[in-house]
Amino acid sequence: MAVTRRSFLTSVAAGSALAAVSGAELLTAVSAQAASPVGDVVGKITVGYQGWFAATGDGSPINGWWHWSQNWSQPPSPSNNAIKAWPDMAEYATGYQTAYGNLNGGGAATLFSSFDQQSVNTHFLWMQQNGCDTAALQRFNPNSSEGPTRDAMAAKVRASAESHARKFYIMYDVTGWTTMQTEIKTDWTTKMSAHTASGAYARQNGKPVVCIWGFGFNDTNHPWDPATCLDVINWFKTQGCYVIGGVPREWRTGVGGSRAGFLGTYHAFNMLSPWMVGAIGTAADSDSVYQNINIPDQADCNANGIDYQPCVLPGDVSGRQRTHGDFMWRQFYNMVGVGAQGIYISMFDEYGEGNQIAKTAETQAGVPAGSGLLALDEDGTACSSDYYLRLTNDGGRMLKGQLALTATRPTQPATGSAARTVTGR
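Residues numbered from 1 in each chain as written. Predicted model: local features only at pLDDT ≥ 70, side-chain atom pairs only at ≥ 80, totals over all residues. Heavy atoms only, no water.

(A) Region of interest: the overall build of the chain. Tallying secondary structure elements over the chain gives eleven helices and twelve strands in all. Classification of the 425 residues of the chain by burial places 56% in the buried group. As presented, the chain carries roughly 15,200 Å² of accessible surface, and 52% of it is formed by carbon and sulfur atoms. (Helix = DSSP H or I, 4+ residues; strand = E, 2+ residues; numbered from the N terminus. Buried < 20%, exposed > 50% of the residue type's maximum accessible area, 1.4 Å probe, protein only. Areas by Shrake-Rupley, 256 points an atom, 1.4 Å probe, with all protein chains shown as cover.)

(B) Examining helix H3 (residues 117-129) more closely. In a regular helix each residue adds 1.5 Å, so 13 residues correspond to 18 Å; H3 covers 18 Å between its end C-alpha atoms and thus fits that length. Every buried residue belonging to H3 is among Ser119, Val120, Thr122, His123, Phe124, Trp126 and Met127, and all of these are buried. Looking at the buried side of H3, the elements it contacts are strand E1 (45-49), strand E4 (134-139), helix H4 (147-163) and helix H10 (387-399). A positive backbone phi angle near 70 degrees is found at glycine 131, which sits one or two residues after H3. (Expected span 1.5 Å × (residues − 1). Contact = heavy atoms within 4.5 Å.)

(C) Broad picture of unusual backbone geometry. Each neighbour pair has its own omega, and for serine 346 with methionine 347 the value is 0 degrees, a cis peptide bond. Its location among the elements puts methionine 347 in the loop between strand E12 (343-345) and H10. Of note in this structure, asparagine 205 is not a glycine but carries a positive phi near 55 degrees. Mapping asparagine 205 onto the fold places it in the loop between strand E6 (203-204) and strand E7 (207-213).

(D) View of the packing of aromatic side chains. In the structure shown here, the tally under the stated rule is 25 aromatic pairs. Ring centres of phenylalanine 215 and phenylalanine 269 lie 6.4 Å apart, and the angle between their planes is 40 degrees; on these two criteria the pair is classed as tilted. Of the two residues, phenylalanine 215 is situated in the loop between E7 and helix H6 (226-238) and phenylalanine 269 in the loop between helix H7 (263-266) and strand E9 (271-274); the sequence distance between them amounts to 54 residues. Residues phenylalanine 215 and phenylalanine 269 agree in their burial class; the two are buried. (Phe/Tyr/Trp six-rings, centres within 6.5 Å; stacked < 30°, edge-to-face > 60°.)

(E) Representation of the side chain of serine 160 in the model. Mapped onto the elements, serine 160 comes out in helix H4. Classification of serine 160 by relative accessible area gives buried; the value is 0%. One polar contact links serine 160 to glutamine 117, side chain to side chain, over a distance of 2.9 Å. At 2.5 Å, the side chain of serine 160 and the side chain of asparagine 121 are in polar contact. (Polar contact = N/O pair within 3.5 Å; in protein donor to acceptor, adjacent residues only side chain to side chain.)

(F) Representation of the pairing of strand E8 (residues 242-247). Most of E8 is tucked away, with six of its six residues classed as buried. Neither face of E8 is left uncovered, since the one carrying Tyr242, Ile244 and Gly246 and the one carrying Val243, Gly245 and Val247 both have all their residues buried. Of the pairings in the sheet, the one linking E7 to E8 comprises five bridges and is parallel in character. Each residue of the ladder has a partner; that of tryptophan 213, found in E8, is glycine 246. The β-α-β motif built from E7, the intervening H6 and the parallel element E8 has right-handed crossover chirality. In the sheet, E8 pairs with E9 via four bridges, with the strands oriented parallel. When the bridges of E9 are listed, valine 247 appears paired with proline 274. (Pairing = 2+ DSSP bridges. Right-handed = clockwise from strand over helix to strand, strands pointing away.)

Printed below as a string of structure tokens:
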């Protein structure tokens, strides 16, 4: 049988991790490589879903320009801006008037609200059309003033997942949540666990999926010691959950962005998903991380019976990282090649970081005049507003073996007449 790049690299990675193991221990470690069968996260594309945009007058409890502007009490404008990219608003039933000038191509500069069910339905329709299997709904400290809006968003995401045959799960981001240890348990038992009754709630190995993002990060917003974090992980396991850890990229070595002494805590997770936003910005960066981080990460996970779900990101539009899809495709190629059990897209709707795959202004005609924002054609190559959704679909097909492993992205950035003027591949 021919040896593929994926099988070769996986065997090399496994060999490097198991070099010090022998005899019965080796057999045990090798058998642990098949940690989990295909489920709702293993073998699937998961997209991080913020669902955290609102507007004054949208009926949301927060009743402000949540995450669209720096000062949420005032509409977004060039001097009150919190985003790096402008959404393509063509498919939203309702848009809320901002204080930006009109679009360069004409028309009012309006933005959507995640609180409108139609907005969430639109996003889940895009997921359905583009092979995004599962949405990880971000949930920050729900005991703040944002809590009621976040509670409502969970119900809206559930409804959209059910109506569009997608899966979803709760992904707790514990950043800045100082009283997390007790409150996260209460939030799960009194509120979020109810959503597991939905047929759309993601399950892996027959268990409802929960992710905790933020354990072990070496900064003041993530202050907990290993024992505290381990307590929370094990508690969720006693609730019958399959627990994913959103962890620092240096989780395995305990340096850089990771606190030391956390390896045992990280190994308690069922799946590990190291964070890559800010760590890479070019295809060469992805290759370096692949060699120095992903290969040994996958080997460690294989040896410890843990599923591996690395991040793939489209790149920050404002940082001109995208190179009309080449940056993102290189990551798909590397992550499928390393043998990852699943892939996490960072993110679906993160217009604040500019790393969204959701539909985005194609050209300056779709951007507010004087905003300084870039469009998807910033490098001179025409890209349809849905291009990064289509590219995600291709990456998912490659992960699932429906498309042969290839270093060349299979889909053109633009469609129709625009495709005939595309430069590059």
